[in-house]
Amino acid sequence: MGKKQTLKITTIGQNEESDSKSKEGIAEDAINAAGFGKFNYKVTILCSLIYINAAFSVLSTGFILPAAACDFKMTTIDKGRIITAPILGSCFGPFFWGFLADVKGRKFALLIAIFLQGNCELLMSIVQNYWGFLILKFFSGLGVIGQLSLLFTYAGEFQPTRYRKKILSFMDLALVVGMFLVPILAWSIIPLTFQYKKSFFLFRSWNLYIILCSIPAEIVGLWMIFFPETPKYLAETGRNLELFNVLVKVYTENTNQSPESYFKILNECENSSTQSLAMNYVKKKDFDEENLKNNVSLKSILSDFKKQAKSILKAPYLSRTILACIIAFTITLAYYSFLLWFPEVFQRLARFQKRYPNETATICSISDRMYSQSVNITEVQIDPFGCDDAIDTSVYINSLWQAVACVPSSIILITFINKVGFKYFLVAATLAAFLTTIGLLFAKTKLQIMILTCLFESMTSVCMSVIFCFVVIIFPTNFRVFAGALAIFFSRIGSLVGNILFSYLIDNHCVPLLYTIAFNLLLGAIICLLVKEQKYV
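Calculation rules
Residues numbered from 1 in each chain as written. Predicted model: local features only at pLDDT ≥ 70, side-chain atom pairs only at ≥ 80, totals over all residues. Heavy atoms only, no water. Helix = DSSP H or I, 4+ residues; strand = E, 2+ residues; numbered from the N terminus. Contact = heavy atoms within 4.5 Å. Expected span 1.5 Å × (residues − 1). Disulfide = S-S within 2.5 Å. Buried < 20%, exposed > 50% of the residue type's maximum accessible area, 1.4 Å probe, protein only. Patch = residues over 30% accessible without salt bridge, like charges linked within 9 Å, V, L, I, M, F, W, Y side chains within 5 Å. Areas by Shrake-Rupley, 256 points an atom, 1.4 Å probe, with all protein chains shown as cover. Salt bridge = Lys/Arg side-chain N within 4 Å of Asp/Glu carboxyl O. Core = buried A, V, L, I, M, F, W, Y, C linked by side-chain atoms within 4.5 Å. Axes fitted to C-alpha atoms, helices over the stretch in contact; angles between N-to-C directions. Parallel < 35°, antiparallel > 145°, perpendicular 65-115°, else oblique. Left-handed = near helix turned anticlockwise from the far one by under 90°. Nonpolar A, V, L, I, M, F, W, Y, C, P; charged D, E, K, R; others polar. Polar contact = N/O pair within 3.5 Å; in protein donor to acceptor, adjacent residues only side chain to side chain.

Thoughts on the overall build of the chain
And then number 1: Scanning the chain for helices and strands turns up 22 helices and two strands.
And then number 2: For the chain, the proportion of contacts with a sequence separation of at least 24, taken over those separated by at least 6, is 82%.

Concerning helix α18 (residues 393–420)
And then number 1: The terminal C-alpha atoms of α18 lie 39 Å apart, and with 28 residues this matches the ideal 40 Å at 1.5 Å per residue to within 8%.
And then number 2: Backbone geometry just downstream of α18 places Gly421 in the positive-phi region, at approximately 90 degrees.

A look at the state of the cysteines
And then number 1: Scanning the model with the defined rule gives one disulfide in all.
And then number 2: Two residues share a disulfide in this structure: Cys364 and Cys510, whose sulfurs sit 2.1 Å from each other. With the S-S bond torsion at -70 degrees, the cross-link from Cys364 to Cys510 turns out left-handed. One end of the pair, Cys364, is in helix α16 (residues 363–370); the other, Cys510, is in helix α22 (residues 510–530), and 146 residues separate them in sequence. Judged on exposure class, the residue Cys364 and its partner Cys510 are both buried.

As for a nonpolar patch on the surface
And then number 1: A contiguous nonpolar surface patch, about 730 Å² in accessible area, is contributed by Tyr41, Ile45, Leu49, Leu222, Trp223, Ile225 and Phe226.
And then number 2: Top element by residues in the nonpolar patch is helix α2 (residues 38–72). It accounts for three residues.
And then number 3: Considering the arrangement of structural elements, one finds Leu222 in helix α8 (residues 205–224).

Side note on the nonpolar core
And then number 1: Membership of the largest hydrophobic core comes to 149 residues, with the highest contact counts inside it found for Phe133, Leu151, Tyr154, Tyr209 and Tyr262.
And then number 2: Residues within four places of Phe133 in sequence aside, it is in contact with Ile64, Phe72, Ile82, Met124, Val127, Trp206 and Ile210.

Focus: the environment of Tyr163
And then number 1: For Tyr163, the location among the structural elements is in the loop between α6 (130–156) and α7 (164–189).
And then number 2: Note on Tyr163: relative accessible area 29%, which makes it partly exposed.
And then number 3: Along the chain, Tyr163 and Asn32 lie 131 residues apart, while their C-alpha atoms are 9.7 Å from each other.

Considering the packing of helix α5 (residues 106–124) against α6
When two helices pack together, their arrangement is captured by the angle between the axes and the distance separating the axes.
And then number 1: Contact pair α5 / α6: the axes reach a minimum separation of 8 Å and the direction vectors enclose 150 degrees. Here α5 is positioned roughly antiparallel relative to α6, judged by the angle of their axes. Where α5 crosses over α6, the two elements pack in a sense that is left-handed.
And then number 2: Looking at side-chain class alone, the contact of α5 with α6 contains 16 nonpolar, six polar and four charged residues.

Quick look at the side chain of Lys232
And then number 1: Mapped onto the secondary structure, Lys232 falls in helix α9 (residues 231–236).
And then number 2: For Lys232, the side chain forms a polar contact with the side chain of Glu28, separated by 2.5 Å.

Shown next as structure tokens:
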């Protein structure tokens, strides 16, 4: 730690940004000087748990649908509304959470998002009305997108430059852990046959499953209360005393050395602004009570948002903004179209095999024979809501295999991200997902379908984590929240469109549906090739 720190500040090249970049450079230097250690691991674990919690909220929906279909008398369109509701809620989220994060900080906004989602899902477990469930799912989705919008920024703004890409890539492994835990918990709880019924209140195993899925949000939210705001946010809002208290905390936890040694390192930095700020802290200059307050007014935040919007919609940021939004839209459309419907697809496959044990069929031919409008009406009326069919064990097993398939791709991402870069991971994974989608048009056996869905999940899950990381990398800090909000907004629109298409087309127009998903993946891969990775870290 005694070596001289050589740390450079990225130049934007625009006069109106110089002050913000100076503050970013100060924070960047100070974070690098604080080293990497125990505190960084704690932040990484916290953000990983937030990602796992988000995975619980998103993935559990697929297992709830077949289980709750009988109680709520849900058709395929009704199930589509349940899946679409949180995505619709998430469409309103990116700019709201980005605005709140700029006004109150990353930590405050994350806490609100976590508790909003967790408490809504607790209420979902006892609500007895389909439309009430739908409304709560809407607000749960609003909370989930807040977590996904901000956790990468929160994690990234604590990490030294050298480790930032790897730490952000590590988040994909957290998603895989969530993919393991969700079906295991569902398999343990949903098949239970108990129920509590009194007057208009009915509580069954799937209600208990929702309660258990909401608990991680409450736990991780309580733990996050004890974490600080990010240094970069504190630097940009002029809260210098709080900034240095956080930096000293990070340094002392990482190195077990005294604050004085940290100030000595800062004084050796080439950035004169960092040296000056450190000296002022030691001498208690320019750290009066005003610096304890965030004096950023609502008017100034709105003005800053307006300036960010103007900046990213003109050179040199316009092209990368457009490309990031298209990539987010196309890949997310494909990912969420299948992700939330996989348990339903596997359940349909199990019902088909039970009814026609000696036949094979593709996903689309199963829909044509059992669920399309051309099916004989008397056949449709046989248990239309699946009340007589428990969720087949293969649904849980296939979901676990999907999680297993994601492990190698996550490890490869973490291992080679610094050498390969986010861009080429996106291109390769998206093209592979495109090929597996085409393959699903021809797969006729259970094994073939399972292998292809596992490959699809493996490739697209990497894409989703990389997309969130990508925004953190290609935009400077002072544009990052707004640019991220815009990209995530388009990803939510893609999710919404994809799920609406799936719910309305899967029964009667399955083949065009798969071609639409494949086309979006191919388009996403082509657009990825046009993106130039930037040096903002």
